[in-house]
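Examination of the molecular architecture
Listed below, chain by chain, are the residues.
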Amino acid sequence: MKAVETKDLTKIYSSSFGKKKVQALVELNLDVESGLIFGLLGPNGAGKTTFIKLLLGITFPTAGNAKILEESLSNYSVKKKIGYLPENHKYPPYLKGGEVLKFFGKLSGMNGLDLDKKIDELLELVKLSQWKKTKVKAYSKGMMQRLGLAQALINDPELIFLDEPTDGVDPIGRKEIRDILVELKSRQKTIFLNSHLLSEVELITDRVGILNKGKLLREGTVKELTEKKEEYKIVIEGNAADLDSISFDNSFTRISDGSYSVKVADINELNKTIDQLRSRSILLKEIIPMKNTLEEMFISLITESEKNIK
Amino acid sequence: MNNIWITTWYTVREALARKVFLFFIGLSALAIIISAVVVNVLSDSALISGVTTQDNNIIFEEIAASIQLIIITPLASLCILLAIFSSASFVPHMLEKGNIDLLLSKPISRSQLLFGKFLGGLLVVLINVGFLIIGVWLVIAIRFSIYNFTFLSIILSVTFTFAVLYSIIVLFGVVTQGSILGMMAAYFIFLILSPLLYAGKVQFGELITSDFLKSVIDFFYYIVPKTSELMGQITMNLALGKGIIDWQPILTSLAFMFAAIGYAIFIFNKKDF
Ligand SMILES: Nc1ncnc2c1ncn2[C@@H]1O[C@H](COP(=O)(O)OP(=O)(O)O)[C@@H](O)[C@H]1O
Ligand SMILES: [Mg+2]
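Cut-offs applied
Residues numbered from 1 in each chain as written. Chains lettered and ligands numbered in written order. Predicted model: local features only at pLDDT ≥ 70, side-chain atom pairs only at ≥ 80, totals over all residues. Heavy atoms only, no water. Phe/Tyr/Trp six-rings, centres within 6.5 Å; stacked < 30°, edge-to-face > 60°. Helix = DSSP H or I, 4+ residues; strand = E, 2+ residues; numbered from the N terminus. Buried < 20%, exposed > 50% of the residue type's maximum accessible area, 1.4 Å probe, protein only. Lys NZ or Arg CZ within 6 Å of the ring centre and 35° of its normal. Contact = heavy atoms within 4.5 Å. Buried area = accessible area lost by both parts, 1.4 Å probe. Salt bridge = Lys/Arg side-chain N within 4 Å of Asp/Glu carboxyl O. Nonpolar A, V, L, I, M, F, W, Y, C, P; charged D, E, K, R; others polar.

On to the packing of aromatic side chains, then. Where two aromatic rings form a pair, the distance of their centres and the angle of their planes describe that pair. As enumerated under the stated definition, the model contains 16 aromatic pairs over all chains in all. Taking the centre distance of 4.3 Å and the plane angle of 40° together, the rings of Phe103 of chain A and Tyr10 of chain B count as tilted. Pair noted here: Phe103 of chain A is in helix α2 (residues 97-107) and Tyr10 of chain B is in helix α1 (residues 2-17), and the two residues belong to different chains. The pair Phe103 of chain A / Tyr10 of chain B is uniform in exposure class, with both members buried. Where Trp137 of chain B meets Phe149 of chain B, the ring centres are 5.1 Å apart and the plane angle is 45°; that geometry is what we call tilted. Here Trp137 of chain B, found in helix α7 (residues 110-144), pairs with Phe149 of chain B, found in the loop between α7 and α8 (154-176); they are twelve residues apart in sequence, far enough to count as distant. Classification of Phe149 of chain B as exposed rests on a relative accessible area of 56%. Linked through ring pairs, Phe38, Phe51, Phe161 and Phe192 of chain A together constitute an aromatic cluster. The ring of Phe144 of chain B is capped by Arg143 of chain B, whose NZ or CZ atom sits 5.2 Å from the centre of that ring. It is Lys226 of chain B that lies over the ring of Tyr221 of chain B; its NZ or CZ is 5.2 Å from the centre.

For the rest of this paragraph, the subject is the interface of chain A and chain B. Between chain A and chain B, the contact holds 27 residues from the first and 26 residues from the second. In total, about 2600 Å² of surface goes out of reach between chain A and chain B, with carbon and sulfur atoms giving 58% of it. Interface area lost by chain A to chain B is led by Tyr76, Tyr94 and Leu107 of chain A, which between them contribute 26%. Summed over the shared surface of chain A and chain B, the result is four salt bridges. We note a salt bridge from Arg13 of chain B to Glu99 of chain A, for which the minimum N-O separation is 3.4 Å. If one sorts the elements of the side of chain A that touches chain B by residue count, α2 of chain A sits on top with six residues. Residues that form the side of chain A that touches chain B fall into these classes: twelve nonpolar, seven polar and eight charged.

The structure is reproduced here in structure tokens:
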């Protein structure tokens, strides 16, 4: 099943005087299969928040259309199965932590003992149990974020949208949030995550999309996106001193004692290099495809796309 | 229905969190206690003095109603003034970034959300006004042993006066996402425009000779909600047991209210957040 499906989704914001227009999203086509953790990455202003808002009917598309859980957006009852943690969430300051959850639980169609039980369970999960009876105006940023996560889970949703969930949370809190997300995934939930914190996303997401200036530059698994297809690391046995005397067809450079990096056009060329090494009886220990970090890939992708625009 | 009720109820909670309504309840309680003391200290003859009618039964009913009105009218007007002030922020608060996003992500339609806010504001005022009027009524009723239940219908006329003004506040709240303009518009209509138009149309209608001015006054008289008549003439007639003599001010104000709320919902349904 597809949790999210968009077709040429476009959003153009026009200011109240109609002069300045912002293309927040440009003909975006993106499908997200259910049961995955999907990360939408992009610099500030890329259009990530706009994308979620369009899916939830908070903002309306200029063109194109979208479905969530295979339902059209105009059907608001599908939101019973949705959880959402907005970027800058605010709760009525006169409510206590537990009451906030009760309010949103009721709005999601829950009631009575079920709801009370769920509230305690979630407060426990996000480690706010002892704050249940404290007004939210006394909460810190990190506590608000954890309450927000509990709020997003109150109706036991199938599909959860989280907009910068670790924003303002300390490293330990971040780890805890990541653990919660992984646990949710194990219960077949779909998680759609917006973030500009790549190193974090890399740790838990199954697939990522890279968004810049309203355009989807790349979409795939983290592995696919970070593999440098043409670069390998070769580790040899011992320390072959005469390796320097071989003239290879390709760039063969020494990284450290016994390990070398080789850039090749394709797999044939890689094997030619191996043949050359083997013909000198050099023992190969490892041949490893080299990886970018997501961050390196991201930066090069964004800079490239900026160049293309100019 | 359930969705509307949840929003309504949490609007009442928001109102309770703002001290204005509690302040008003306190003020009403004080008024009730003071009037209880005063009417029980004064003798019948002291209360009747100055009234020259012969028939004692009618006298007592009218005196009872008049005393009730004298206590209630200024307080009810104050209640509306305070209610305008404190309800003006209900919609803008709801529309704040971070709050509206969350509400709209829930399985509730935008129309339900806004209508619930509207009902919530009304319910708060109904509770306040009801408390004041029932309290004062009870004090006087016990003192004279006259239980004139029709008097209590003014709870509705006073709340309705507020409802009409609140529809303007809600509309401005949705359009401007702020509270100031709606509040100013409501005060302007309640305190200046409606009394002025009432005077121009009904009280001093004969004195205006210019046909052009007459039609201008006519035009605005029928469009602008008639809060001054709702709180004045109509409430008074209800209190004195005369019923509703002229439905026109009620119906035109009701039409205005529906138009304002309808338009507010229409705009809200199309708005990007
Ligand atoms: N309500 C709005 N009115 C006008 N422009 C907006 C509005 N919301 C967002 N934008 C613009 O749309 C672009 C995308 O914003 P956003 O979706 O918030 O990006 P991100 O979440 O990736 O940081 C930005 O240029 C932003 O300024
Ligand atoms: Mg954002």
